[in-house]
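Reading the structure
In case you want the letters, here they are:
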Amino acid sequence: MGWRLLTQDTGPALVPGARLGDPQDYRAHRYQQGVPEGVRDLPPGVALPLESNLVFMNGVSFTKGCYIGQELTARTHHMGVIRKRLFPVRLTGHLPAGGIVPGTPVLTESGQAAGKFRAGQGDLGLALLRTEKIKGPLHIKTSESDPVAITVSVPDWWPTATK
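Quick summary incoming for the structure in this document. (Residues numbered from 1 in each chain as written. Predicted model: local features only at pLDDT ≥ 70, side-chain atom pairs only at ≥ 80, totals over all residues. Heavy atoms only, no water.)

**Some details on the pairing of strand β2 (residues 105-108)**
Condition: When DSSP finds two or more bridges between a pair of strands, those strands are recorded as paired. The helix count covers DSSP runs of H or I at least four residues long, the strand count covers runs of E at least two residues long, and both are numbered beginning at the N terminus.
Two strands pair when backbone bridges link them, and β2 and strand β3 (residues 113-121) are joined in this way by 3 bridges, in the antiparallel orientation. Of the residues in β3, the one forming a bridge with Val 106 is Gly 115. What sits between the antiparallel neighbours β2 and β3 is a turn of 4 residues, in which Gly 111 has the positive phi angle 95 degrees. Two elements, β2 and strand β5 (residues 138-140), share 2 bridges in a ladder whose sense is antiparallel. What sits directly across from Leu 107, in β5, is His 139.

**Comments concerning the nonpolar core**
Within soluble globular proteins, side chains that are nonpolar tend to cluster in buried spots. This is how it is decided: Nonpolar core, defined: a set of buried Ala, Val, Leu, Ile, Met, Phe, Trp, Tyr and Cys residues in which side-chain atoms within 4.5 Å join the residues together. Three exposure classes are used, based on accessible area relative to the maximum for each residue type with a 1.4 Å probe and protein chains only: buried under 20%, partly exposed in between, and exposed over 50%. Contacts are residue-level and defined by heavy atoms, with any inter-residue pair within 4.5 Å sufficient.
Ranked by size, the top nonpolar core spans 17 residues in total, and within it Val 89, Val 106, Phe 117, Leu 129, Leu 138, Ile 150 and Val 152 carry the most contacts. Looking at this core, the elements that each hand over two or more residues are β1 (84-92), β3, β4 (124-130), β5 and β6 (148-152). Other than its neighbours up to four places away in sequence, Val 89 contacts Phe 117, Asp 123, Leu 124, Gly 125, Leu 126, Ala 127, Leu 129, Ile 150, Thr 151 and Val 152. The next biggest cluster of nonpolar side chains, apart from the first, holds 7 residues, and it includes Ala 28, Ala 119, Leu 126 and Leu 128.

**Regarding a positive patch on the surface**
To be explicit about the condition: Only residues whose relative accessible area exceeds 30% and that form no salt bridge enter a patch; like-charged residues are grouped when within 9 Å of one another, and nonpolar side chains (Val, Leu, Ile, Met, Phe, Trp, Tyr) when within 5 Å. Values of accessible area rely on a 1.4 Å probe in the Shrake-Rupley scheme; residue burial ignores everything except the protein chains shown. For this analysis, a salt bridge means a side-chain nitrogen from Lys or Arg found within 4 Å of a carboxyl oxygen belonging to Asp or Glu. Charge convention: Lys and Arg are scored as positive, Asp and Glu as negative, and His as well as the terminal groups of each chain are ignored. Every charge is mapped onto a representative atom, which is NZ of Lys, CZ of Arg, CG of Asp or CD of Glu.
Positive charge collects at one region of the surface, where Arg 83, Lys 84, Lys 116 and Arg 130 lie side by side. Its place among the elements puts Arg 83 in the loop between α3 (70-79) and β1. Under the relative-accessibility criterion, Arg 83 is labelled exposed at 55%.

**Points about the side chain of Asp 41**
Note on placement: Asp 41 falls in helix α2 (residues 38-41). Leaving out residues up to four positions away in the same chain, Asp 41 has contacts with Arg 30, Tyr 31, Val 35, Pro 36, Leu 86, Arg 118, Ala 119 and Leu 126.

**So, the sheet that holds β3**
Convention followed: Working convention: axes come from line fits to C-alpha atoms, limited for helices to the stretch in contact. Angles between N-to-C directions cover 0 to 180 degrees.
Spatially, 6 strands are ordered β1-β4-β3-β2-β5-β6 in a closed barrel, and the strand pairing comes out antiparallel. For this sheet, the mean angle separating the axes of adjacent strands, direction not counted, is 40 degrees. In the sheet, β3 pairs with β4 via 6 bridges, with the strands oriented antiparallel. Paired with Gly 115 across the two strands is Leu 129, which belongs to β4. Contacting β1, β3 and β4, helix α1 (residues 23-33) crosses the sheet at an angle of about 155 degrees to β3.

Shape descriptors only; they carry no functional weight alone.
Laid out in C-alpha cells, this is it:
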C-alpha cells in the first residue's frame, strides 16, 4: 500500500510531492494494488483468506491454531493449489449508472464463467477470478447495451510465484 509515516507534524509538506487524499483516493489505490478491506470486498461466509490474498499481507498465520476456517486454510496452503484469487481489474466500456453489482459473473470471450465481480469504484475494482482464465479477454454482461470489458492486472508487490 505504500509508506506509512507516524509523526506529530501535520500536512503534506512533511513529504515532498505528497498530497492529502480522501476515502475515494484510498479505495482506488487499494483496488489498483489488489488489497481488499471490510465486508464490501470480503463478504462474510463467502470470502476465503487465501483467495483474498490475505496471506500476502501476513493476515493468515500457519503457526497459530484454533481459528475459524483454520483447517481448510492450512490444507489449501500446504497443498499449494489456489485456483481462484482476488485480482485488481479495470473496466472498459459503458458502465451502468449504478456501477457493476457485486457478484455479477465475469465471462470469457466464449461465455464461460471466469469468476465474479466483487467490488468497484468507477472503472476500478476487484474480481474473484480463476487464475487460468485471467490472460484471455474477459467481460461482464450488463442490462445495458454492450458488455463491459475487464482487464486484469497482477500487482508488482505480489510474490513472484503467483504471477
